[in-house]
Amino acid sequence: MNLLSKNLFNKCILTSGRLKMLHWRELNGCPDIVNAAYDGYTGAKFHKFPTGKSFRLCAYPDVTKDFNRLKHILVKDIKKTKSEVFGSFKVLKMFLENFATGEKWDTKFLPEFPGRDRSGRVQFAKYNGKIVAGNYLSNHIYGFLCAAAGIPEKLSKFVARIYSKGFIEPLISGEIPNKTLLKFKDPISDQEAISAGYKEFRELK
């Protein structure tokens, strides 16, 4: 590691949840450390997710129920944490730890949701009657939970953009962002998915 020794990284940054995801990535042959520019395999899945959008609707596993259940669980955790002493700070820490690429709130790496297959091809699923990519879901839930935490939409989008450039990487992985990551740009579709998460949260209130 460039900034931190491995022992220091494990002691200070690698929480139990992140250690679990590290083991999951290792089990699936994924890199120990992944970042926003990673476009490889995201692990085994419970469903056979197609890697194109040209199939019949019935070919796509419907993840709506599982996705909504996950959001409900996480919103409860966020509200509980926010009510504690220094709650807002703790929530921000939760977001930093859990929304990084390959961590436990990054749905692309969870077996219930689409990500990328072994060839790095984008997987698709059905959500609320529409065919969406794994990236859409991971950004949608980020927007939804940011809205639940009371984080302004413009701020959450700005953080997503600087994260995609690797500027927060030293705090997350202890690594200095490489040239590939610094050149990476958060796609417009990801920003739109974040907005969709905010919109859905507002509609539920």
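Please refer to the structure higher up on the page.
Residues numbered from 1 in each chain as written. Predicted model: local features only at pLDDT ≥ 70, side-chain atom pairs only at ≥ 80, totals over all residues. Heavy atoms only, no water.

(A) Focus on the pattern of salt bridges. This model, assessed by the stated rule, comprises 12 salt bridges. For glutamate 103, the salt bridge goes to arginine 25, with nearest N and O atoms at 3.8 Å. Separated by 78 residues along the polypeptide, glutamate 103 in the loop between helix H4 (87–98) and strand E1 (124–127) and arginine 25 in helix H2 (residues 16–27) bring together distant segments of the chain. On the accessibility criterion, arginine 25 (4% relative accessible area) is buried. In this structure, the salt-bridge partner of glutamate 200 is lysine 71, at a minimum N-O distance of 2.1 Å. Within this pair, whereas glutamate 200 is found in helix H9 (residues 188–204), its partner lysine 71 is found in helix H3 (residues 64–82), the two being separated by 129 residues in sequence. According to the relative accessible area criterion, glutamate 200 is buried, its value standing at 14%. (Salt bridge = Lys/Arg side-chain N within 4 Å of Asp/Glu carboxyl O. Helix = DSSP H or I, 4+ residues; strand = E, 2+ residues; numbered from the N terminus. Buried < 20%, exposed > 50% of the residue type's maximum accessible area, 1.4 Å probe, protein only.)

(B) Highlighting H9. For H9, spanning 17 residues, the distance from its first C-alpha to its last is 25 Å, which sits close to the expected 24 Å at 1.5 Å a residue. Turning to H9, the residues buried within the fold contact H3, E1, helix H5 (134–148) and helix H6 (153–164). (Expected span 1.5 Å × (residues − 1). Contact = heavy atoms within 4.5 Å.)

(C) The arrangement of the packing of aromatic side chains in detail. According to the stated counting rule, one finds 9 aromatic pairs in the structure shown. Ring centres 5.1 Å apart and planes at 75 degrees place the aromatic pair phenylalanine 99 and tryptophan 105 in the edge-to-face group. Take phenylalanine 99 and tryptophan 105: they sit in the same class, and that class is buried. An aromatic cluster of at least three residues, connected via ring pairs, comprises Phe95, Phe99, Trp105 and Tyr142. Here the basic side chain of lysine 71 rests over the ring of phenylalanine 144, its NZ or CZ set 4.6 Å away from the ring centre. (Phe/Tyr/Trp six-rings, centres within 6.5 Å; stacked < 30°, edge-to-face > 60°. Lys NZ or Arg CZ within 6 Å of the ring centre and 35° of its normal.)

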